[in-house]
Amino acid sequence: MNGSGRLVIGLRDPACADAAAAGGKGARLSELGRGGFPVPDGFVLTTTAFRAAARQGRPDRDTPSAAAAAIREAPVPPAVAGALLDAYHALGPGPVAVRSSATAEDLPEASFAGQHDTYLGIVGDDALLGAVRRCWASLWSDRAVAYRQANGIEGQSIAMAVVVQKMVDAAAAGVLFTADPVTGTRRRAAVDAVPGLGEALVSGEATPDHYVLDTATGSVLQSRPAGSTAVLTEPELVELAVLGDRVEGLFGAPQDIEFALDAGRRIWLVQSRDITTLYPVPAGAPDPAEGLHVYLSANVIQGYFEPITPMGVQFFRLLGSGVARAISGHDPAARGPGPDPAAGPRMLAEAAMRLHLDVTAALQDPIGRRLLQLVAGVAESRSAAVLSRLADDPRFGIGNGSHLASLRRIAGPLLRLGVPLLALRTFLAPASAPSRLTRELEAVVGPFLVADGDADRHLDAVERLLLEAPPRMFPRLVGLLAPAMLSLGLAGRLLRGRATPDELRTVTRGAPRNPTTEMDLALWQVSAAARRDPAAKQALTGRTPGELADAYRTGSLPATLQSQLARFLTHYGFRCISEIDIGTPRWSEDPTHLLGALANYVRLGDEMPDPDAQFASSAREADAMVGELLGRVHGARRAALRFALRRVRLLIGSREAPKFHLVRLLATPARELLKPVGTQLAEDRRITDPADVYFLTLPETRRALAGDDLRALVAERRAAFERERKRKHIPRVLLSDGTDAEATTGALPAQDLTGTPASPGVATGPARVILTPEGARLEPGEILVAPSTNPGWTPLFLTAAGLVMEMGGAMSHGAVVAREYGIPAAVGVPGATERITTGTVITVDGSLGTVTLHHTTAP
């Protein structure tokens, strides 16, 4: 049943549940009332009434202020006014509350809290008509228009209903959150309450009492009255928590509920909306009552804020299944009974279209805990700090198993996969290890790459590639990387008390065989060739990157630029900014970003520092430091140190190799295998566009090939993906009760920013805050401030004087590349992109990990 065509609908009428007629607030209140919750009596003046008024007032929706004035000043149409006043009189005497209820209000992805108008204590026909007109006009208030724009909500089709309810003679009022709005903890209710009407709380005119309750037990965990007497009693708080829990059950999500207590202390609910800012709990997370689980964000570890397409998530689920089977001793190629490989291993979870790792078992294992903290420490220092605090939490205490049993669990699979022998081979012949690895990995992957066949065969090839190749690649990648890290650790132990961490980091500068550095230098060579060629230089400086990309695809760029870029893409075209997501086009498909970077290089001309010279200088500094450190020890210790440092120099560049090869040999080939599948599904009208295949999972793609029309599902997924791109905060470590573990540690320090030292040196210059590298430009001498970086960012490093990142650790991508170029860097700096603004002069001390704001703006 819907309320289309009706001017007024009672709140308890089932037709009032139609948000298109009653607006978001009206529909929610109707559900509450019909669900047996205490909701003041009232009715909704529907969107049909609003549209009648709009036809009469003719508001210009393209000019919000004029539209608001037109609807506010025009008389209410007689039929609308008659229906409104009849319903008002039927409510009986006494004041009413008049509340806006837009069709785009109280949505799961956008609450519109406080964006539209509410009027309390309205008495009399004229006052009611005026309040209704002002509610209608608030659809075009500055704050509502700005909110719609910020959330990507189209305003032309939105309509406004108005809720009219009997006023509660409030002795107290407030807001109840059924989950902690700061930490995200579910079933931990937070209540703010004031005496009298809630308007004083919403407007900020009164300081509220603050209470925190455990919904499961009904206990009050915190009570902080603003005055000498608490506004609410403990029984009232418990009743509120129980009501809130029931409302959350009704709507299936944590709620932000407005309430009032009348003179008899009866609780009334006057509004309920989803809390849209909470990060979702991973799908399939166990009930916290059965024991909390700890989820580490794989996105954050990779320095990647963006959501991942469903097929991108499927890539990791299949890859994880293959590695998990090999670790457990099962044949990755085997088919038959057992867990569905498309579902992935149990430790891999998804939330907000992002990947999380269930690390609970590792955290409760004596050796696994240390390894987890070690790996997190080198990849993402802030995650390591959170895990360290959780290790001290008795809820995650070490189990009863012995260290020996733990060692067997970890060492057994490594021995079975041959990792120790592969690592020994690397130790003995470090110079040839990277090229040998490349040959062996290519031989592993080659048999899985089909060149022809139907769509079903291509899907089979994707599944075989991701299930069978990774178990053979994983031991070789570990066998290369582990000796590099072990050599660095051994050098540190041999030099304990004789070398600073800064000196050891200097040893890793200018390391050979870093695939990302080699890529950056190759791009620099393209720009150098373009600067020498007048036609190429003119094209890069006179046309947009998009125009240049179109010209490249048609082969119509100036010859030098066309051939140089083609050569670069032959080697590196499999990469892109968001390369861990196979749903993202590669540079070979869309070189717009690269052409923008080349244009920036060419415009800078002689101001541009020579990256080759920078890299060579870093290598000389590293070699000099090796000599100096060797001079500090003697005898057998010196021989051991020489062995370790030589391997650090030869192998530490391989820190970037695992991701490089996984993208080159697995991610991009899997994307290519799926392209003809997408083309066929689009031709068969199972999806709209060939690229829609990346918004399906592998089983769903098979269903589409069998005849299912999945266009509606893809549209829903694409809309969710765009919403998730706007998410501003990704928890590093999330508990299964929704708690953002980092948020429980308190506020950021007010003084200078502090993170983790990543690349030694000090740089002072104007900051350039960049949130995405697409279309970004960095002038020489500017300090790059970013949430994170991946290989797609590194062309910017060639002009950066320093680097500040919110994410990352000493061995994260940005830190490694910064050391290659000798750029001072601090990583894992909380709030850097929010507290630093572009143009502010800052000093980065890469040896201390500090960032000093000078509070001046560069000229």
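In case you missed it, the structure is sitting above this.
Not measured: the values here are computed from a predicted model. (Residues numbered from 1 in each chain as written. Predicted model: local features only at pLDDT ≥ 70, side-chain atom pairs only at ≥ 80, totals over all residues. Heavy atoms only, no water.)

**Quick notes on the overall build of the protein chain**
Counting secondary structure elements, the protein chain contains 31 helices and 23 strands. The C-alpha radius of gyration computed for the protein chain amounts to 31 Å, which stays within 12% of the reference 29 Å derived for 859 residues, consistent with globular compactness. Structurally, the protein chain occupies a C-alpha span of about 95 × 65 × 65 Å along its principal axes. By residue count, 55% of the 859 residues in the protein chain fall in the buried class. For the protein chain, long-range pairs separated by at least 24 residues make up 69% of all intrachain contacts whose partners lie at least 6 apart in sequence. Working note: accessible area of the protein chain is about 34900 Å², and carbon and sulfur atoms make up 55% of it. (Helix = DSSP H or I, 4+ residues; strand = E, 2+ residues; numbered from the N terminus. Rg over C-alpha atoms; globule rule 2.2 N^0.38 Å. Buried < 20%, exposed > 50% of the residue type's maximum accessible area, 1.4 Å probe, protein only. Contact = heavy atoms within 4.5 Å. Areas by Shrake-Rupley, 256 points an atom, 1.4 Å probe, with all protein chains shown as cover.)

**Let's talk about the nonpolar core**
One broad trend across soluble globular proteins is that nonpolar side chains are buried collectively. Among the nonpolar cores identified, the biggest contains 67 residues, and F315, L465, A469, M473, L641, L645 and L666 are the most heavily contacted of them. Here the element with the most residues in this core is helix α27 (residues 657–683); it accounts for ten residues. Leaving out residues up to four positions away in the same chain, F315 has contacts with L466, I582, L666, A667 and A670. (Core = buried A, V, L, I, M, F, W, Y, C linked by side-chain atoms within 4.5 Å.)

**Some words on the sheet that holds strand β12 (residues 294–297)**
As summarised here, the arrangement of the four strands in space is β13-β14-β12-β15, forming an open sheet in which the pairing is antiparallel. In this open sheet, the two edge strands, each paired with only one partner strand, are β13 (348–351) and β15 (733–735). Ignoring which end each strand starts from, the neighbouring axes of this sheet average 35 degrees apart. With respect to the sheet, helix α10 (residues 310–327) is in contact with β13 and β14 (354–358), its orientation differing from that of β13 by roughly 165 degrees. Sheet strands in contact with helix α13 (residues 381–391) are β12 and β15, and its direction is about 35 degrees off that of β15. (Pairing = 2+ DSSP bridges. Axes fitted to C-alpha atoms, helices over the stretch in contact; angles between N-to-C directions.)

**Observations concerning the side chain of T426**
Residue position: T426 is located in helix α15 (residues 419–428). Engagement of the side chain of T426 in a polar contact is seen with the backbone oxygen of G479, the distance being 2.9 Å. With residues up to four places along the chain from it excluded, the contact list for T426 reads A433, R436, G479, L480, P483 and L651. (Polar contact = N/O pair within 3.5 Å; in protein donor to acceptor, adjacent residues only side chain to side chain.)

**Looking at helix α12 (residues 366–379)**
The terminal C-alpha atoms of α12 lie 21 Å apart, and with 14 residues this matches the ideal 20 Å at 1.5 Å per residue to within 8%. Of all the positions in α12, only P366, I367, G368, R369, L372, A376 and A379 are classed as buried. Backbone nitrogen of I367 and a side-chain oxygen of the N-cap are separated by 3.0 Å at the start of α12; the cap is D365. (Expected span 1.5 Å × (residues − 1).)

**Overview of the environment of Q364**
With respect to the element layout, Q364 can be found in the loop between α11 (360–363) and α12. Classification of Q364 by relative accessible area gives partly exposed; the value is 30%. Other than its neighbours up to four places away in sequence, Q364 contacts R395, F396, G397, I398 and G399.

**Topic: the sheet that holds strand β2 (residues 42–45)**
Read across the sheet, five strands follow the order β1-β2-β5-β3-β4 without closing on themselves; strand pairing throughout is antiparallel. Of all the strands in the sheet, just β1 (8–10) and β4 (118–122) have a single pairing partner and so form its edges. In this sheet, adjacent strand axes meet at a mean angle of 20 degrees when their direction is disregarded. As paired elements, β2 and strand β5 (residues 160–166) share four bridges and run antiparallel to each other. Within β5, the position partnered with G42 by the bridge is Q165. Lying on the sheet, helix α1 (residues 19–34) is in contact with β1, β2, β3 (96–102) and β5; it crosses β3 at an angle near 125 degrees. Along the sheet face, helix α5 (residues 125–137) touches β2, β3, β4 and β5 and points at about 25 degrees away from the line of β3.

**Topic: the pairing of β2**
Neither face of β2 is left uncovered, since the one carrying G42 and V44 and the one carrying F43 and L45 both have all their residues buried. Pairing geometry for β1 and β2, over three bridges, is antiparallel. Its bridge partner being in β2, I9 is matched across the sheet by V44.

**Describing the packing of aromatic side chains**
One pass over the structure, following the stated rule, counts eight aromatic pairs. Considering the side-chain rings of F574 and F660, the 5.3 Å spacing of their centres and the 75 degrees angle between planes classify their relative orientation as edge-to-face. Of this pair, F574 sits in the loop between α23 (559–572) and α24 (592–604) while F660 sits in helix α27; the two residues are 86 residues apart in sequence, bridging distant segments of the chain. You can call F574 buried: its relative accessible area is 10%. Members of the aromatic cluster, connected to one another through ring pairs, are F50, W136 and W140. Sitting above the plane of the Y119 ring, R134 keeps its charged end 4.5 Å from the centroid. (Phe/Tyr/Trp six-rings, centres within 6.5 Å; stacked < 30°, edge-to-face > 60°. Lys NZ or Arg CZ within 6 Å of the ring centre and 35° of its normal.)

**Looking at the packing of α10 against helix α28 (residues 698–705)**
In the contact formed by α10 and α28, the axes pass within 9 Å of each other and the chain directions differ by 120 degrees. Together, M311, Q314 and L318 of α10 and L698, P699 and T701 of α28 make up the contact between the two elements. Its residues assigned to classes, the contact of α10 with α28 shows four nonpolar, two polar and no charged. (Nonpolar A, V, L, I, M, F, W, Y, C, P; charged D, E, K, R; others polar.)

**Remarks on the packing of helix α21 (residues 534–542) against α24**
Across the interface, α21 lies against α24 with an axial gap of 9 Å and an inter-helix angle of 110 degrees. What the angle tells us is that α21 and α24 run roughly perpendicular. The interaxial crossing formed by α21 with α24 has left-handed handedness. Contact residues: K537, L540 and T541 in α21; L595, L598, A599, V602 and R603 in α24. Of the residues in the contact of α21 with α24, the class split is five nonpolar, one polar and two charged. (Parallel < 35°, antiparallel > 145°, perpendicular 65-115°, else oblique. Left-handed = near helix turned anticlockwise from the far one by under 90°.)

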